[in-house]
Structures are given as structure tokens and as C-alpha cells.
Amino acid sequence: HGSGVHNPNGNLQVNETHTGPKVSNTRGTAAIAHFDSPDNGNTEFFVNLQANAHLDSVYGGYCVFAEVRDFASFAVVDAIAREVKGGAQTAIISMTIEE
């Protein structure tokens, strides 16, 4: 289901939403997507375009693992959101994650 990308590690075994420091699903945070069962996240994630505090607990919570940190990055996220909201079939071909 979803992206169709094979994850050699399989689904997440544990939803870490409540195992470490709590990070809320606020604007600019990225969280692991999952179905109704909280311990099945895989290769998909989403970026919160607004505060979504209900995602901290619904269906076991959606674990935040990253955040958009600077103005230039927010500009990119907002540009993608405008395209998607406008009905465009937007695809991200590649991305780089820096620590």
C-alpha cells in the first residue's frame, strides 16, 4: 500500500510516539504515516502544514521524527502544499536529509 517503495527493514515494530521525549505534531514537523494500527509505519511520512495536536494521540499517535528548520525550507514545503492543494499531481523525485 502507499508509495510502493520496498523497505528492506519492514514495518516499524514499535510506534515511538510515547517512548521518548514528546514532540507534538506542530507546523513544520514530519511524522511517520501509518494505518489505524499504530505499529505499522513504513516508508511514508508527512509534513504538518499546521498544528495537528490530535495526531499526538489518535490511532496511537503519529511519531514526529524531524522538523523544518529554516525559512528557505519552509518556502519549499509551502510551495509543494500550494501545488497539491491546487490539484496538481506533485511528485518528489528525490530528497536529501542532513543531520
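These remarks concern the structure in this document.

Parameters and conventions
- Residues numbered from 1 in each chain as written.
- Predicted model: local features only at pLDDT ≥ 70, side-chain atom pairs only at ≥ 80, totals over all residues.
- Heavy atoms only, no water.
- Helix = DSSP H or I, 4+ residues; strand = E, 2+ residues; numbered from the N terminus.
- Buried < 20%, exposed > 50% of the residue type's maximum accessible area, 1.4 Å probe, protein only.
- Contact = heavy atoms within 4.5 Å.
- Pairing = 2+ DSSP bridges.
- Axes fitted to C-alpha atoms, helices over the stretch in contact; angles between N-to-C directions.
- Expected span 1.5 Å × (residues − 1).
- Phe/Tyr/Trp six-rings, centres within 6.5 Å; stacked < 30°, edge-to-face > 60°.

If you trace the backbone, Gly-28 turns up in the segment before strand S1 (29-32). A relative accessible area of 2% places Gly-28 in the buried class. In the structure, Gly-28 is positioned 46 residues away from Phe-74 in sequence and 7.3 Å away in space, judged by C-alpha atoms. In this view, Gly-28 contacts Val-47, Asn-48, Ala-66, Glu-67, Val-68 and Phe-74; residues no more than four positions away in its chain are not counted.

To continue, consider the sheet that holds strand S2 (residues 45-47). Strand order in the open sheet formed by 3 strands is S2-S1-S3, with antiparallel pairing between adjacent strands. A strand with exactly one partner marks an edge of an open sheet, and here the two such strands are S2 and strand S3 (64-67). Each strand axis lies, on average, 25° off the axis of its neighbour in the sheet, ignoring direction. Across 3 bridges, S1 lies against S2 in antiparallel orientation. Each bridged residue has a counterpart across the sheet, and for Ala-31 the counterpart in S2 is Phe-46.

Before going further, it helps to examine helix H1 (residues 71-85). Residues separated by three or four positions in an α-helix point in the same direction, a consequence of the helix having 3.6 residues per turn. Look at H1: 21 Å from first C-alpha to last across 15 residues, which is about the 21 Å you get at 1.5 Å a residue. Looking one or two residues past H1, Gly-87 carries a phi angle of roughly 95°, positive in sign.

Let us look at the environment of Ser-57. You can see Ser-57 is positioned in the loop between S2 and S3. Exposure remark for Ser-57: the relative accessible area of 52% places this residue in the exposed category.

Here we come to unusual backbone geometry. A positive phi angle, near 50°, is found at Tyr-59, a position not held by glycine. Mapped onto the elements of the fold, Tyr-59 is located in the loop between S2 and S3.

This next bit is on the packing of aromatic side chains. For the coordinates displayed, the defined rule picks out 2 aromatic pairs. Both rings, one in Phe-45 and one in Phe-65, keep their centres 5.9 Å apart while their planes meet at 85°; by these two values the pair is edge-to-face. Of this pair, Phe-45 sits in strand S2 while Phe-65 is found in strand S3, placing the two residues 20 residues apart along the sequence. The partly exposed category is assigned to Phe-65, whose relative accessible area is 44%.

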